[in-house]
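Per-entry structural report
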Amino acid sequence: MSTTPRAFAAVTLGVAAALTVSAAPASAAERFTPGAPGAGDPYFPDMGNGGYDVAHYDVGLKYDPATKGIRAVTKIKARATQNLSRFNLDFLGPLTISSLKVDGHKASFKRTGAQELVITPRKGLRKHRHFTVTVAYSGVPQPINDATLGTSGWIPTADGAVMVNQPFGAATVYPVNDHPTDKATYTFTLTAPKGHTTLSNGDLRGTSTKGGWTTTRWVMRHPMASELSMLAIGKYDVITGRTGDGVPNLTATDRAQGVTPEDAQKFHRQTAEIQDFQASLYGRYPFTSTGGIVVKGGFGYALETQGRPVYDLGRRPGAIPSGSLVAHELGHQWFGDSVTPERWADIWMNEGFATYSEWLYAEKFEGTPVQESFDAVYATPADDGLWKGVVSDPGRDHIFDGLVYDRGAMAVHVLRQTIGENAFYRLLREWPATYRYGNASTEDLVRFAERLSHKKLDAWADAWLYSEGKPSV
Ligand SMILES: [Zn+2]
C-alpha cells in the first residue's frame, strides 16, 4: 500500500480543479477524471497507474499441464485516490479476458499500448471509495524477454512454470498495478493436477484435493510489491521446519534439478542459519515465514521474492545456492522487500545492501573480513566500466549492472567508515524498522543516516552515489 504522494498528471489536474473550487465548489468536487496510465517512474513510464491504491490481490489460478495454460480469476481490492471516471491496470500478453466486473457489475474495458487494461466502471468512483475489480481470464501466459533486463514473468518449465517478476513480469500472469510503490497483501490459490507441487509467497493456509486436482492457498499478509510476488508449479521436494528464531521455514527443490537429499537439507539449514544471523544485525525478520525455492527455469538468476527467494541454478545440475547467494537474497528481505525503493533508479539500495550482506556473511561464516571484500572490488582500475554511470541513477538498461551491486556495497562500507561502527550498526537495524513495509528513496537514506549519526554526509553521497568515477578513499 502506498502512502507516498506522487506527481501524477491526473493529480495535477485535480489540484487545478480544486483551485477553482472557490468559484464553483459543487461542480468542481463532482468532477471525475481518468487515473494516470503510469506511476510516474522515469525508467518504466507504462508501469503502474494512478488514481487508486490496491490493498489486496486474490489470485486464483488453475494450471493445466495438458495445455500449459491457465484459467484464472483475480480479485483486486482497491481504494480510489481521486474521483475516477476510469482507471488502468497493467496486463500483458496473450491471456484472454472473459469477464471483468467492478463491484459485481460488468465494466467496459479495452487493452491498449504496451500493457494497459483500461477499465470504465458503470459509474464514476468517488475519491476514498473502496472498490473491487474481478477479472476472469485464460490462456497460455508468455514470459517477457527484455533485450537488456532478461527474462521475467511467467516462465514455463518442463513440468510446470515459475513466475519471477523483477522489474516487470507480474502483468503476464495477473492484472496488477505494477509499480513497487503500490504494495498490497496477497492470496494465491493455486490448482494443479494431484502430484504437482504449487508454491508461492507467504504461509500455506490450506491444501485440498478433489477430482484429481490439488489446490493450495498461500497468504502474504504483509504488504508486497508485485515485482516480489512469486509462484512455482511442478514436481518439488519440500522441507518444512523453523529457524532458530522460530520463523517457519519452507524450502523446496525442483526434482528435475537433481539435488541430493543431503544437499536439500543443507540448503534448508543454511537458509535458517543465515536468516537468524541477519536478524541479529538487521532487526526482527519482517515476514511471517521464510525459505527458498530451487527451480529449474533456465533464466539463470536468483530473485529475492518476498519471504521466499527463488534460485534458478538450472545450468548447474544438482547444485544448491551458495551460502553467499542465500545471504544476498535473504538480506534483501530487509533491504528491497520490506523497504522498497521509491523508483527503480534507487535499486542500489537493494543491491548495495544485499551485496554487503554477502560480505558480512563471508566475514562471519568464511573468515573473510569485510574490508578484504571491499578492497578486492575497490582495486578495480579507475578506467574500468564499473566506475561508469551514477549509482543512484544507473539508467533503465543498467539496473542490474555491477555499479548498483559492487559500487552500492562499497558505498555502504564507506558510509560505515564515515559514521563509525556504533551508528552504522544502529542504521542497519533502525533503517529497516523505520521504513518497514514501505518505500524510500536514496535521499531518504542519506538524510536518515545524517540524523542518526549527526554527521554531514554530502561529500560521501556525492562521491559514492551521485557522481560517476572512482572516488578516492
Ligand atoms: Zn539482489
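Residues numbered from 1 in each chain as written. Predicted model: local features only at pLDDT ≥ 70, side-chain atom pairs only at ≥ 80, totals over all residues. Heavy atoms only, no water.

What follows is about the coordination of the zinc ion. At this site the zinc ion is bound by H328 (NE2), H332 (NE2) and E351 (OE), with donor distances of 2.0 to 2.1 Å. Sequence spacing of the donor residues for the zinc ion, all on one chain, is H-x3-H-x18-E. Remark: E351 occurs in helix 5 (residues 348–366) and H328 occurs in helix 4 (residues 323–331); sequence separation between them is 23 residues. Considered together, H328 and E351 belong to a single accessibility category, that of buried residues. (Donors = N, O, S within 2.8 Å, 3.2 Å for Na, K, Ca; no water. Helix = DSSP H or I, 4+ residues; strand = E, 2+ residues; numbered from the N terminus. Buried < 20%, exposed > 50% of the residue type's maximum accessible area, 1.4 Å probe, protein only.)

Let us now look at the pairing of strand 15 (residues 213–224). Relative to strand 15, strand 12 (residues 184–193) is paired through nine bridges, and the arrangement is antiparallel. Residue pairing for strand 15: L190 is matched across the bridge by T216. Bridging between strand 14 (residues 203–210) and strand 15 involves six bridges; their strand directions are antiparallel. Along strand 15, the bridge assignment pairs S208 with T215. Here strand 14 folds back onto strand 15, and the loop between the two strands holds two residues, one of which, G211, carries a positive phi near 55 degrees. (Pairing = 2+ DSSP bridges.)

Bringing the side chain of N249 into the picture now. One can find N249 in strand 18 (residues 248–254). Accessibility expressed as a relative area gives 1% for N249, which makes it buried. For N249, the contacting residues outside a window of four places in its chain are I239, T240, G241, R242, T243, H268, T271, A272, T290 and G291. (Contact = heavy atoms within 4.5 Å.)

With respect to the secondary-structure elements, S85 resides in the loop between strand 2 (69–80) and strand 3 (87–90). For S85, a relative accessible area of 24% gives the class partly exposed. Sequence separation between S85 and G51 is 34 residues; the distance between their C-alpha atoms is 9.7 Å. Excluding residues within four positions of it along the chain, S85 makes contact with F32, T33, P34, T120 and P121.

The mixed open sheet is built from five strands, whose spatial order is 17-18-19-21-20. Strands at the two margins of the open sheet, each flanked by one partner only, are strand 17 (236–242) and strand 20 (302–303). Bridging between strand 20 and strand 21 (residues 310–312) involves two bridges; their strand directions are antiparallel. From the neighbouring strand, L303 faces strand 21, where its bridge partner is V310. The strands touched by helix 3 (residues 261–282) within the sheet are strand 17, strand 18, strand 19 (290–295) and strand 21, with strand 18 carrying the most contacts at an inclination of about 145 degrees. (Axes fitted to C-alpha atoms, helices over the stretch in contact; angles between N-to-C directions.)

Between helix 3 and helix 4, the least distance of the axes is 9 Å, while the angle of their chain directions is 50 degrees. On the basis of their axis angle, the class for helix 3 and helix 4 is oblique. As helix 3 packs across helix 4, the resulting crossing turns out to be right-handed. Contact with helix 3, carried on its side by F267, Q270, T271, I274, Q275, Q278 and Y282, involves G323, V326, A327, L330 and G331 of helix 4 and no other residues of that element. Looking at side-chain class alone, the contact of helix 3 with helix 4 contains six nonpolar, six polar and no charged residues. (Parallel < 35°, antiparallel > 145°, perpendicular 65-115°, else oblique. Left-handed = near helix turned anticlockwise from the far one by under 90°. Nonpolar A, V, L, I, M, F, W, Y, C, P; charged D, E, K, R; others polar.)

A few words now on the UniProt feature "domain: Aminopeptidase N-like N-terminal" (unreviewed entry) in the protein chain. Sites flagged by UniProt as "domain: Aminopeptidase N-like N-terminal" (unreviewed entry) map to residues 56–226. Along residues 56–226 one finds 0% helix and 61% strand; the C-alpha atoms at either end are 11 Å apart. (UniProt positions renumbered as here; feature names shortened; annotations may be inferred.)

Once that is clear, we can look at the sheet that holds strand 6 (residues 108–112). The three strands are arranged 3-7-6 in an open sheet whose pairing can be described as antiparallel. The open sheet terminates on both sides in strands that have one partner only, identified here as strand 3 and strand 6. Sheet twist, expressed as the mean angle between neighbouring strand axes with direction ignored, is 25 degrees. Both strand 3 and strand 7 (residues 116–120) contribute to a ladder of four bridges, which runs antiparallel. The partner of N88 across the bridge, within strand 7, is V118.

A word on the environment of W154. Counting through the fold element by element, W154 comes out in strand 10 (residues 150–157). A relative accessible area of 1% means that W154 is categorised as buried. For the pair W154 and V140, spaced 14 residues apart in sequence, the C-alpha separation works out to 9.3 Å. Beyond its immediate stretch of four places on either side in the chain, W154 contacts L61, Y63, I70, P141, Q142, P143, A161, V162, T172, V173, L231 and I233.

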